[in-house]
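Structure assessment
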Amino acid sequence: MRRTAHGMAKGRGMSGDLDEFSKLISNSQSIVTFTGAGISTESGIPDFRSPGGLWEKNRPIEFSEFMQSEEARRESWRRKFSMEQIIAKATPNKGHMAISSLYGQGKLKAVITQNIDGLHQVSGIEDDDVIEVHGNTTYAKCLDCATRMELEIVREIFANDETLPVCDRCGGIVKTATISFGQPMPVAEMRRASAAALNCDLFLVIGSSLVVYPAADIPKMAKQAGAQLVILNREPTPMDDHADLVLNREIGETLAFVTKL
Ligand SMILES: [Zn+2]
């Protein structure tokens, strides 16, 4: 039976959903989480997509625009370097730490994340166990030959007069290793995310509104393969009807509670 924070079965206390969440975690041997912007807003990283978020004022730069327009590329690097200052100051919050504690206990096998802030890694999860489906913001690469370029170098080139970086090897366009709207999903990461989803017994969606496809298909795969599906998000998601448990609650305090941190 599905219960939500706002629609609990009769006769259960206000925290019936929390008890049920705790039970699912303690009964599980192999947890995979799928995290989105909602877990990092509690670390002060803005959710671009939320109402009043950055993308209401600065609409996202589509991949095709990035490729076609030098000004779009400049704007993209400006945003990148201003965002970097916010990320540099951010530290993992209660939600990240609760996930990390499940990992430390050996229960949590992998974190699939839409975030590019690296906070799961800072919280103690090995790089190999964090699957970044929207890419990585800590380096750049050539879109033609995939040669890596360090951000320090891009920053130096860009700093004075906003000169755009080009690939040393082939002269191609250089972009951060993140995935923009309209850009294909990274094949290796999607394959790893699917494998993790198919091999868990509990799949936790945390702080994602599950509207960005195809990443949002991953929870459905887990459910179809027999995992229990829990969605913890402040707002309803299109996957709520498929979930075994939905909690529309604050993320950090909920995860801290159910993992007894
Ligand atoms: Zn190149």
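Reading the values: rules and limits
- Residues numbered from 1 in each chain as written.
- Predicted model: local features only at pLDDT ≥ 70, side-chain atom pairs only at ≥ 80, totals over all residues.
- Heavy atoms only, no water.
- Helix = DSSP H or I, 4+ residues; strand = E, 2+ residues; numbered from the N terminus.
- Rg over C-alpha atoms; globule rule 2.2 N^0.38 Å.
- Lys, Arg positive; Asp, Glu negative; His and termini not counted.
- Charge placed at Lys NZ, Arg CZ, Asp CG, Glu CD.
- Pairing = 2+ DSSP bridges.
- Contact = heavy atoms within 4.5 Å.
- Axes fitted to C-alpha atoms, helices over the stretch in contact; angles between N-to-C directions.
- pLDDT = per-residue confidence, 0-100.
- Donors = N, O, S within 2.8 Å, 3.2 Å for Na, K, Ca; no water.
- Tetrahedral: all angles 85-135°; square planar, octahedral: opposite > 155°, others 65-115°.
- Buried < 20%, exposed > 50% of the residue type's maximum accessible area, 1.4 Å probe, protein only.
- Salt bridge = Lys/Arg side-chain N within 4 Å of Asp/Glu carboxyl O.
- Expected span 1.5 Å × (residues − 1).

1. Things to note about the overall build of the chain
Regarding its fold elements, the chain presents eleven helices and nine strands. In terms of overall dimensions, the chain is globule-like: its C-alpha atoms have a radius of gyration of 19 Å, near the 18 Å expected for 261 residues. For the chain, the C-alpha atoms occupy an extent of roughly 65 × 35 × 30 Å along the three principal directions. Taking the average place of the 29 positive charges on the side chains of the chain and the average place of its 34 negative ones, the gap between the two points comes to 5 Å.

2. A few points about the sheet that holds strand 6 (residues 174-178)
Backbone hydrogen bonds hold the strands of a sheet together, and the pairing may be parallel or antiparallel. Pairing in this open sheet of three strands is antiparallel, and the strands run 5-4-6 from one edge to the other. Looking at which strands have only one partner, the edges of the open sheet turn out to be strand 5 (148-149) and strand 6. Here helix 5 (residues 70-89) sits on the sheet in contact with strand 4 (135-142) and strand 6, set at roughly 45° to strand 6. Relative to strand 4, helix 8 (residues 151-159) is tilted by about 65°, and along the sheet it contacts strand 4, strand 5 and strand 6.

3. Some words on the confidence of the model for the chain
Detail in the predicted coordinates should be disregarded across regions flagged by low pLDDT. Mean pLDDT for the chain: 89, with 90% of residues reaching 70 or above. Of the regions scoring below 50 in pLDDT, residues 5-13 engages in 13 contacts with residues more than four places distant in sequence or in other chains.

4. Considering the coordination of the zinc ion
Four donors placed tetrahedrally around a metal ideally meet at 109.5 degrees, and six donors placed octahedrally ideally meet at 90 or 180 degrees. Protein coordination at the zinc ion comes from C142 (SG), C145 (SG), C167 (SG) and C170 (SG), with a distance range of 2.3 to 2.4 Å. For the zinc ion, the four donor atoms are set out with angles of 102 to 116° between them, so the coordination reads as tetrahedral. The sequence pattern formed by the donor residues of the zinc ion is C-x2-C-x21-C-x2-C. Pair noted here: C142 is in strand 4 and C170 is in the loop between helix 8 and strand 6, with a separation of 28 residues, a long-range link. Its relative accessible area of 2% is what places C142 among the buried residues.

5. With respect to the pattern of salt bridges
All chains considered together, the criterion is met by 14 salt bridges. With its nearest N and O atoms 3.3 Å apart, the salt bridge here joins R74 to E70. Note that R74 and E70 are positioned in helix 5 at a spacing of four residues, about one turn of the helix. Residues joined in a network through salt bridges with shared partners are E70, E71, R74, E75, R78, R79 and E162.

6. Focus: helix 1 (residues 16-27)
Here helix 1 contains twelve residues, and its C-alpha end-to-end distance of 17 Å stays within 8% of the 16 Å for a straight helix at 1.5 Å per residue. Taken together, the buried positions of helix 1 are G16, D17, L18, E20, F21, S22, L24 and I25.

7. Notes on the pairing of strand 2 (residues 108-113)
Extensive coverage of strand 2 is indicated by the burial of five of its six residues. Pairing of strand 1 (residues 31-35) with strand 2, which is carried by five bridges, proceeds in the parallel orientation. Within strand 2, the position partnered with T33 by the bridge is V111. Note that strand 2 and strand 3 (residues 130-132) share three bridges and pair parallel. Residue pairing across strands places I112 opposite I131, the latter belonging to strand 3.

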